[in-house]
Amino acid sequence: MSSNVKARAALAAASLWVATPALAQAPQPGAPAAESPPAAQPTITKPPALVQQVEAQYPAEALAQGLTASVRLIITIAEDGAVTDVQSTEPAGHGFDEAAIAAVRQFRFTPAEVDGVPAPVQVEYVYHFTLNAPPPPEGQVAVEPEAPKATLTGQLISRGSRSRVAGATVRCGDDADAAEAVSDVDGRFTLEVPPGECAVRVIASGHQLYQTKEMLKANETTEVNFYLAPAGSAFETVVRSERPKKEVVRRTVTREEAQKTPGTFGDPIRVLQTLPGVARAPFISGDLLVRGSNPGQTATLMDGVRIPNLFHLLGGPSVVNAEFIDSLDFFPGGYGSQYGRAVGGVVDVATRKGAADTVHGSVKVDLLDAGFFLEAPITEGISVAASARRSYIDTLLPLVLPDDEGSTLSIVPVYWDYQLRVDFGAPRGSTPEPGAARSTGYIMAFGSDDKLRLVSGGEEQNRDISLDTHTVFHRVKGDWTYRKGPLTTVFTPYVGVDYFDISFGQYIENDSIYSLGAREVVALELSDTLTLRTGLDVYFEHVKVDVQAPSPEGTEYVPFPGNDPVAELIHEKLTINGFDGALFAEADFKWGPLTVTPGVRGNLQKVGGTRNLLLDPRLWVRYAATERTSLKGSLGLYSQPADTFQFIFSPYGNPLLGYQRAFQSSLGVEQRLGDVWNVDVTGFFNRRFENVVAPGDVRPTEGGSFTQDRFVNAGIGKAYGVELMVKKDRAAATDKWYGWLSYTLSHAEDGRAGAKPRVDGAFGDDGPPVANEETYGLSLWDQTHILTLVANYVLGNGWELGGRFRLTTGRPTTPLVHPHDVYNSDSNNYGPTYGRHLSGRTSTFHQLDVRVEKGWRFDNWTLALYMDVQNLYNAENVEFVFNDYRYRNEMEIPGIPILPVLGVKGSF
């Protein structure tokens, strides 16, 4: 028998290469199927195809012994189709592994595409070494009778979610010469095999090994659907701590992990509150306090469009349905010039396009709210996704309140939100001709509505305290992305409307903001070492303010000695327009392991007759010292315009305000330990200046009198500290636990430059007076130690248990020090005597949250039942400190007591 080599290979599975790739181990036959609920996956619109194959050198020893082998390999394919790494998964020995790896390293593939964009992937490849029979004698023609054939065709479907599985290998048997096929973008495959029993084996990335048997008849076609059990989530919600780049080892939390984090009620965005650099905000606010910044100084964006609030009131869920989230960019500082209008951090939530294969959806109901998500293809190249949610706490809360509300403080939140997105563009799976352009886009509408009512009941109705707040926003945005060669442009126009209504006693304010804006980002990759980005970011708003408030102090009328003073009501209707625009540019310079990104953002604000102009230079540096160790650093200037309504004339505002400024810097190191452990340590120093504070200065007017502005650019502050995050990922589907430790050591100061001016009345006042009129010191939001520990354990059979423990330093407070009452007979009220400003603290906050979940996976849908318990051991953590009307005693108001929330979620 003469010997020659016949090489035959099959592309088995393509998977999205995430920040820390981990190969899921296929379970052995008979292993139980995972029963965790499925997560939506990015769409592989074009699997890689082999275009250049190199024949392996047959090992001499194996050839002499007449041995054959099939070598299974994991190949890493770069965005350009080149092979960057090859690993053997099942060693064959006798030199076959070395020969196959040496040959495959020289292979060339067409680039894979994920959602129509070239992307790096990992594939399984089988290289077969076989020996062919010798050719027939010269002059004799070998005649082989045609054997009967049977056809097996069908579709691969992800069990539970019904998503189509593309790029999977379907084999009939496991012999070296077994027939095999690769599923297309719709999960379809076709095999021609000898009739008889076919031992089907399906190998797909992110899914367990599927095995079954089919009896095939000669000259007949058998059509089947195979439901593959997912081995783990292939979808990630990526939380980035620096500007996103292809080389960055990202700090990531998968969406599946985020939804199962205890205390988040299945909301991925709330996982932000467990990351380094984020201080714990009072439970009622939902503010993001990032690296010592104040509330309102961190920009919250949705698909690049600014929204007034990221969370519903009363510490509720985020305003985005969890199933709608595609990625989550979190920048505690050091972000690039594309982002502005913030002196703190930036959070940008990106939504995902609707499914292109079939209809998918989910319904979630718990004790707090209920919502749904639905996605479906409309026609070729067009898909739609929609979601909505409504709370019913206002209906359930009265059922558990005491009958006598005389001493009960009730806070009742009511909220709803919605999202609707329509995607269009090139047909799914299509590939443009070389050098041809590609356009995609979408239109999206989203919004949120929040109400908050505070009521203190009692017999004396004239002493009731009522607080009514109502916050509404709506946005409609478009997005058009154009790609041609190295050029990419993204144009994003949007319109919006916001309503803010508040009523507290005699004070009533109704604000309306109508906005119009657009962003254009152009990126040009000139070479492997240089990429340029530039763009335009403009925003216009029309503000209407309708306010009714008591007149300033000193104008009250006292009808009878000892009665409460009665102030004249002032009613004003004000209108003002504001514009803020920016031009930005930045470049990535890459020299081997070093990446340097300088950038600049030019800002222009125009409100009334006021024009503000300034430049913000920025610099970002990263050095990959080794494959597992990277150093990073950033510094720059950042600006945030004052709100347009703050430019209203005195005493309601100050028409002469300027930009708020901040200098930010950071230095850190990232270290990867093994395949599942990652450590990130970052130190930061931030300095804020020219921030807007109240009250404003007293200044002369043109008529010779004096007026006091409500606001002024006199705020200053600084913050410094160290952030640590240690994260453990799941190495494979058989890995039972994952989690992370987050710790921040920080110090924050805040205040104003210079002495505090005289306060004429309520419009300029910023709180109760203090004894020593200190204007600068410890920040009200300072928290020295912020520790969070999150861990989840997969118990098996669909059960999962998780816990989250938080420990933070109490917030600063100003204590009462006087031993007697201070009575003001003219105004008929009592006044306080405070100690040193913010010299005390509330008690240390500590809380344990636990989540238990049981999931069931069926062929076409999944069901999950969960219990999420906040504050398991019922710690009485202080959220607010109130005083009695004589300022004799301080009363500590605790936060949420033990709160068990039972919920159910079905997905299809």
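A. Molecular detail of the overall build of the chain. A count of helical and extended segments in the chain gives four helices and 55 strands. Counting every position in the chain, which comprises 908 residues, the buried fraction comes to 48%. Across the chain, the fraction of contacts at a sequence separation of at least 24, relative to all contacts at a separation of at least 6, is 68%. Accessible surface for the chain amounts to roughly 40500 Å². Of this, 58% is attributable to carbon and sulfur atoms.

B. Representation of the nonpolar core in the model. Counting 28 residues, the largest nonpolar core has Ile269, Leu272, Leu310, Val320, Val347 and Val349 as its most contacted members. Discounting residues that sit within four places of it in the chain, Val320 has contacts with Ile269, Met302, Ile325, Val349, Thr351, Arg389 and Gln419.

C. Spatial organisation of the sheet that holds strand S24 (residues 346-351). The strand order across the open sheet built from four strands is S22-S21-S24-S23, with neighbouring strands paired in mixed fashion. Looking along the sheet, the strands with just one partner apiece sit at the ends: strand S22 (305-306) and strand S23 (325-331). Both strand S21 (residues 299-302) and S24 contribute to a ladder of four bridges, which runs parallel. Residue pairing for S24: Leu301 is matched across the bridge by Asp348.

D. Spatial organisation of helix H2 (residues 96-104). For H2, the buried fraction is high: seven of the nine residues fall into the buried class. All buried positions along H2 are accounted for by Phe96, Asp97, Ala99, Ala100, Ile101, Ala103 and Val104. Turning to H2, the residues buried within the fold contact helix H1 (60-65), strand S4 (69-77), strand S5 (83-90) and strand S9 (121-131).

E. Representation of the sheet that holds strand S8 (residues 117-118) within the structure. Spatially, the three strands line up as an open sheet ordered S2-S7-S8, and their pairing is antiparallel. At either end of the open sheet lies a strand with only one pairing partner, and these are strand S2 (44-46) and S8. In this structure, strand S7 (residues 113-114) lies alongside S8, joined through two bridges in antiparallel fashion. Paired with Val114 across the bridge in S8 is Val117.

F. Representation of the pairing of strand S34 (residues 569-591) within the structure. Pairing of strand S33 (residues 530-550) with S34 involves 21 bridges; the strand directions are antiparallel. Bridge assignment links Val547 to a residue of S34, and that residue is Glu572. Pairing of S34 with strand S35 (residues 594-607) involves twelve bridges; the strand directions are antiparallel. In the strand pairing of S35, Ala585 is matched with Val600. In sequence, S34 turns back onto S35 through a hairpin of two residues, with Gly592 there showing a positive phi of about 60 degrees.

G. Layout of empty space enclosed by the protein. Counted according to the given criterion, the structure contains seven cavities of 30 Å³ or more. Looking at the second largest cavity, its volume works out to about 110 Å³. Surrounding the second largest cavity, 17 residues form its lining, Ala279, Arg291, Gly292, Ser746 and Ile786 being those nearest its centre. Of all the secondary structure elements, the ones that give two or more residues to the lining of the second largest cavity are strand S19 (278-279), strand S20 (289-290) and strand S43 (737-752). With three residues, S43 is the largest single contributor of residues to the lining of the second largest cavity. Class assignment for the residues of the lining of the second largest cavity results in nine nonpolar, six polar and two charged.

H. Representation of the pattern of salt bridges within the structure. Across all of its chains, the model carries 28 salt bridges by this definition. For Asp616, the salt bridge is made with Arg618, and the minimal N-O distance between the two is 3.8 Å. As a salt-bridge pair, Glu670 and Arg622 come within 2.9 Å of each other at their nearest N and O atoms. Highlighted residues: Glu670 in strand S38 (residues 660-673) and Arg622 in strand S36 (residues 610-624), separated in sequence by 48 residues. Within the structure, one salt-bridge network assembled from shared partners comprises Arg341, Arg519, Asp537, Asp580 and Arg601.

I. Representation of the packing of aromatic side chains within the structure. Going through the model one piece at a time under the given rule, you end up with 21 aromatic pairs. Aromatic pair Tyr58 and Phe96: ring centres 5.8 Å apart, planes at 80 degrees, arrangement edge-to-face. With a gap of 38 residues between them, Tyr58 in the loop between strand S3 (50-52) and H1 and Phe96 in helix H2 connect regions that are remote in the sequence. When its relative accessible area of 6% is taken as the criterion, Tyr58 is described as buried. Consider the rings of Phe858 and Trp861, whose centres lie 4.8 Å apart with planes at 20 degrees: the pair is stacked. On the accessibility criterion, Phe858 (34% relative accessible area) is partly exposed.

J. Fine view of the side chain of His360. Topologically, His360 is positioned in strand S25 (residues 360-366). Among the residues examined, His360 registers a relative accessible area of 5% and is labelled buried. If sequence neighbours within four positions are ignored, His360 has contacts with Ser161, Arg162, Ser163, Ala355, Phe373, Leu374, Glu375 and Phe908.

K. Representation of the pairing of S38 within the structure. As paired strands, strand S37 (residues 629-640) and S38 are joined by twelve bridges and run antiparallel to one another. Note on S38: the bridge partner recorded for Tyr638 is Ala662. Where S38 lies against strand S39 (residues 677-693), 13 bridges are found, and the strand directions are antiparallel. Its bridge partner lying in S39, Ala662 is registered against Arg688. Linking two consecutive strands that pair antiparallel, namely S38 and S39, is a turn of three residues; a positive phi of about 70 degrees is found at Gly674 within it.

L. Layout of the side chain of Gln640. Summarising the element assignment, Gln640 is placed in strand S37. Polar side-chain contacts of Gln640 include one of 3.0 Å to the backbone oxygen of Gly296. Other than its neighbours up to four places away in sequence, Gln640 contacts Gly296, Gln297, Arg306, Arg341, Ala342, Val343, Tyr659 and Gln660.

M. Quick look at unusual backbone geometry. Put simply, Ala694 and Pro695 share a cis peptide bond, and its omega is 0 degrees. Take Pro695: it is sitting in the loop between S39 and strand S40 (698-700). Phi at His94 takes a positive value of approximately 55 degrees, unusual for a residue other than glycine. Its place among the elements puts His94 in the loop between S5 and H2. A relative accessible area of 43% means that His94 is categorised as partly exposed.

N. Quick peek at the environment of Ala549. The residue Ala549 is located in strand S33 in this model. Taking the C-alpha atoms as reference points, Ala549 and His571, 22 residues apart in sequence, are found 6.7 Å from one another.

O. Spatial organisation of the confidence of the model for the chain. Of all residues in the chain, 81% attain a pLDDT of 70 or more, and the chain-wide mean is 80. The weakest mean pLDDT in the chain belongs to strand S1 (residues 5-16) at 32; the strongest belongs to S35 at 95. Low confidence marks residues 233-252, where pLDDT is under 50. Its contacts with residues over four positions away, or in another chain, come to 86 contacts. Taken together, the stretch residues 455-465 has pLDDT below 50 and engages in 17 contacts with residues farther than four places along the chain or on a different chain.

P. Seen up close, a negative patch on the surface. The grouping of Glu79, Asp80, Glu525 and Asp528 at the surface amounts to a negative patch. With respect to the secondary-structure elements, Asp80 resides in the loop between S4 and S5. Overall, Asp80 belongs to the partly exposed group, its relative accessible area being 44%.

Q. Quick peek at the environment of Arg730. By the secondary structure assignment, Arg730 is in the loop between strand S42 (712-728) and S43. For Arg730, a relative accessible area of 23% gives the class partly exposed. C-alpha separation for the pair Arg730 and Trp677, spaced 53 residues apart in sequence, amounts to 9.4 Å.

Calculation criteria
Residues numbered from 1 in each chain as written. Predicted model: local features only at pLDDT ≥ 70, side-chain atom pairs only at ≥ 80, totals over all residues. Heavy atoms only, no water. Helix = DSSP H or I, 4+ residues; strand = E, 2+ residues; numbered from the N terminus. Buried < 20%, exposed > 50% of the residue type's maximum accessible area, 1.4 Å probe, protein only. Contact = heavy atoms within 4.5 Å. Areas by Shrake-Rupley, 256 points an atom, 1.4 Å probe, with all protein chains shown as cover. Core = buried A, V, L, I, M, F, W, Y, C linked by side-chain atoms within 4.5 Å. Pairing = 2+ DSSP bridges. 1 Å grid on protein atoms, 1.4 Å probe; cavity = no way out; pocket = protein on both sides within 12 Å on 5 of 7 lines; lining within 4 Å. Points joined across faces, edges and corners; volume = space filled by probe spheres on them. Nonpolar A, V, L, I, M, F, W, Y, C, P; charged D, E, K, R; others polar. Salt bridge = Lys/Arg side-chain N within 4 Å of Asp/Glu carboxyl O. Phe/Tyr/Trp six-rings, centres within 6.5 Å; stacked < 30°, edge-to-face > 60°. Polar contact = N/O pair within 3.5 Å; in protein donor to acceptor, adjacent residues only side chain to side chain. pLDDT = per-residue confidence, 0-100. Patch = residues over 30% accessible without salt bridge, like charges linked within 9 Å, V, L, I, M, F, W, Y side chains within 5 Å. Lys, Arg positive; Asp, Glu negative; His and termini not counted. Charge placed at Lys NZ, Arg CZ, Asp CG, Glu CD.

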